[in-house]
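# Structural description and commentary
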Amino acid sequence: DVKVTQSSRYLVKRTGEKVFLECVQDMDHENMFWYRQDPGLGLRLIYFSYDVKMKEKGDIPEGYSVSREKKERFSLILESASTNQTSMYLCASSPGGTNQPQHFGDGTRLSIL
Amino acid sequence: DQQVKQNSPSLSVQEGRISILNCDYTNSMFDYFLWYKKYPAEGPTFLISISSIKDKNEDGRFTVFLNKSAKHLSLHIVPSQPGDSAVYFCAASSPILQGAQKLVFGQGTRLTINP
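What comes next concerns the included structure. Residues take numbers from 1 onward in each chain, read along the sequence in its written order. Written order decides the labels, with chains lettered from A and ligands numbered from 1. Given that this is a predicted model, residues contribute local features only at a pLDDT of at least 70 and side-chain atom pairs are listed and counted only at 80 or more, while totals for whole chains, interfaces and linings are drawn from all residues. Heavy atoms throughout the structure, all of them, feed into the side-chain values; hydrogens and water do not.

As a further point, take the overall build of chain A. When its secondary structure is counted, chain A shows zero helices and 11 strands. In chain A, the succession of helices and strands from N to C terminus is β-β-β-β-β-β-β-β-β-β-β. We compute the radius of gyration from the C-alpha atoms alone; for a globule the expected value is 2.2 Å times N to the 0.38, where N is the number of residues. Taken over the C-alpha trace, chain A has a radius of gyration of 13 Å; the compact-globule value for 113 residues is 13 Å, and the two agree within 12%. Taking the principal axes of its C-alpha atoms as reference, chain A extends roughly 40 × 30 × 25 Å. Runs of E in the DSSP output that reach at least two residues are strands. Runs of H or I that reach at least four are helices, and both are numbered from the N terminus.

Looking now at the state of the cysteines. Cysteine sulfurs are considered disulfide-paired once they come within 2.5 Å of each other. Enumeration over the complete set of coordinates arrives at two disulfides over all chains. What pairs with Cys 23 of chain A in a disulfide is Cys 91 of chain A, and their sulfur atoms sit 1.9 Å apart. Between Cys 23 of chain A and Cys 91 of chain A the disulfide shows an S-S torsion of about -75°. By sign, it is left-handed. Of this pair, Cys 23 of chain A sits in strand S3 (residues 19-25) while Cys 91 of chain A is found in strand S9 (residues 87-94), placing the two residues 68 residues apart along the sequence. Each member of the pair, Cys 23 of chain A together with Cys 91 of chain A, is buried. Covalently, Cys 23 of chain B is tied to Cys 90 of chain B through a disulfide, its sulfur atoms 1.9 Å apart. One quick way to see it: the torsion about the S-S bond of Cys 23 of chain B and Cys 90 of chain B is about 55°, and its sign makes the bridge right-handed. With a gap of 67 residues between them, Cys 23 of chain B in strand S3 (residues 19-25) and Cys 90 of chain B in strand S9 (residues 86-95) connect regions that are remote in the sequence. Here Cys 90 of chain B falls in the buried class, since its relative accessible area comes to 1%. A simple rule labels every residue: compare its accessible area, found with a 1.4 Å probe on the protein chains alone, to the largest value its type can have, and call it buried under 20%, exposed over 50%, or partly exposed in between.

Turning our attention to unusual backbone geometry. The omega torsion of the bond from Val 78 of chain B to Pro 79 of chain B falls at -15°, within 30 degrees of zero and hence cis. Checked against the element boundaries, Pro 79 of chain B lands in the loop between strand S8 (72-77) and S9. Not every positive phi belongs to a glycine, and Lys 53 of chain A is a case in point at roughly 65°. Judged by relative accessible area, Lys 53 of chain A falls into the exposed class, the value being 55%. Backbone geometry at Ala 41 of chain B places phi at a positive 65°, although glycine is not the residue there. Here Ala 41 of chain B shows up in the loop between strand S4 (32-38) and strand S5 (45-51). Taking relative accessible area as the criterion, Ala 41 of chain B reaches 39% and is therefore assigned partly exposed.

Let us look at the sheet that holds strand S7 (residues 62-67) of chain B. All names here are of chain B. Any two strands between which DSSP finds at least two bridges are classified as paired. Strand order in the open sheet formed by five strands is S1-S3-S8-S7-S6, with antiparallel pairing between adjacent strands. The sheet is open, and its two borders are formed by strand S1 (4-5) and strand S6 (56-59), each paired with just one other strand. Pairing analysis gives four bridges linking S6 to S7, with the strands arranged antiparallel. Residue Lys 56 lies in a different strand from S7, and its bridge partner there is Phe 65.

One can find Lys 102 of chain B in strand S10 (residues 101-105). Any pair of nitrogen or oxygen atoms within 3.5 Å is treated as a polar contact; in protein, a donor-acceptor pairing is required on top of that, and neighbouring residues in sequence qualify only through side-chain atoms on both sides. Here Asp 59 of chain A takes part through its side chain, which lies 2.5 Å from a polar atom of the side chain of Lys 102 of chain B. In this view, Lys 102 of chain B contacts Leu 45 and Asp 59 of chain A together with Ala 92, Ser 93, Ser 94 and Ile 96 of chain B; residues no more than four positions away in its chain are not counted. In this description, contact between two residues means that some pair of their heavy atoms is separated by no more than 4.5 Å.

This part covers the interface of chain A and chain B. On the chain B side, the residues contacting the 25 residues of chain A number 23 residues. Once two parts are brought into contact, the accessible area they lose, counted with a 1.4 Å probe and summed over both, makes up the buried area. Of the roughly 2000 Å² buried where chain A meets chain B, counting both sides, 58% is carbon and sulfur surface. Just to be clear on terms, a salt bridge is a Lys or Arg side-chain nitrogen sitting within 4 Å of an Asp or Glu carboxyl oxygen. Counting across the interface, chain A meets chain B through one salt bridge. For the salt bridge of Lys 102 of chain B with Asp 59 of chain A, the shortest nitrogen-to-oxygen distance reads 2.5 Å. Inspection of the chain A/chain B interface yields eight residue pairs in polar contact (both at pLDDT 80 or more). Of all the secondary structure elements, the ones that give two or more residues to the side of chain A that touches chain B are strand S4 (31-38) and strand S5 (42-51) of chain A. The leading source of residues in the side of chain A that touches chain B is S5 of chain A, at five residues. Classifying every residue of the side of chain A that touches chain B gives 10 nonpolar, 11 polar and four charged. All residues other than Ala, Val, Leu, Ile, Met, Phe, Trp, Tyr, Cys, Pro, Asp, Glu, Lys and Arg, Gly among them, are scored as polar; the first ten of these are nonpolar and the last four charged.

By themselves these figures say nothing about function.
Pasting the structure below:
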């Protein structure tokens with residue numbers, strides 16, 4: 001079974017703080033993704049990575065950056081947290097190739113006060 | 001611009017009956033479609049998928065139908081069980097680069113199975 005592990009289930013931070021969300025997958029997948037889930041909006045793609053040190057912007061990258069130094073680990077960084085970044089953050093991974101489902105972690109519920 | 005839409009925020013079905021969840025999309029470039037199931041406080045779990053070259057895919061109690069001309073897909077669950085109560089997301093995929101695919105998600109439909 002694919003295992004995608006997100007380091008924190010719940011996180012509370014203050015406005016202006018730099019926040020790190022960590023994700024690790026154990027299936028040697030090439031692709032990794034960060035989404036946020038908000039009520040009524042479904043899941044929206046923030047950033048993805050298709051290889052170590054490679055990253056591409058998704059649909060809503062503003063205010064975020066990412067890092068992928070090792071194949072199994074993909075970090076999401078909120079450079080200066082703001083209250084509108086309060087959300088559920090979901091990490092996913094998938095193998096390379098076509099028609100491959102993405103597998104998700106359990107999410108980090110982040111509150112910015 | 002919502003490229004994938006689930007127009008029913010919620011659906012309530014009697015145990016043992018058929019549940020039908022619907023999804024519409026606008027982008028003809030989508031070539032792979034998926035359904036995910038999400039319980040509270042858990043991440044989405046992959047349920048079933050269908051390639052654009054097919055019109056039906058079945059896996060146990062779950063069947064996905066794709067109508068490309070109508071840009072519509074549906075998920076049928078027969079028979080529905082209490083454990084099927086969850087939020088269901090449809091997603092559509094298009095290739096981006098380097099073998100990666102981008103998923104675009106609908107807003108989700110909350111399915112409740114009543115005993």
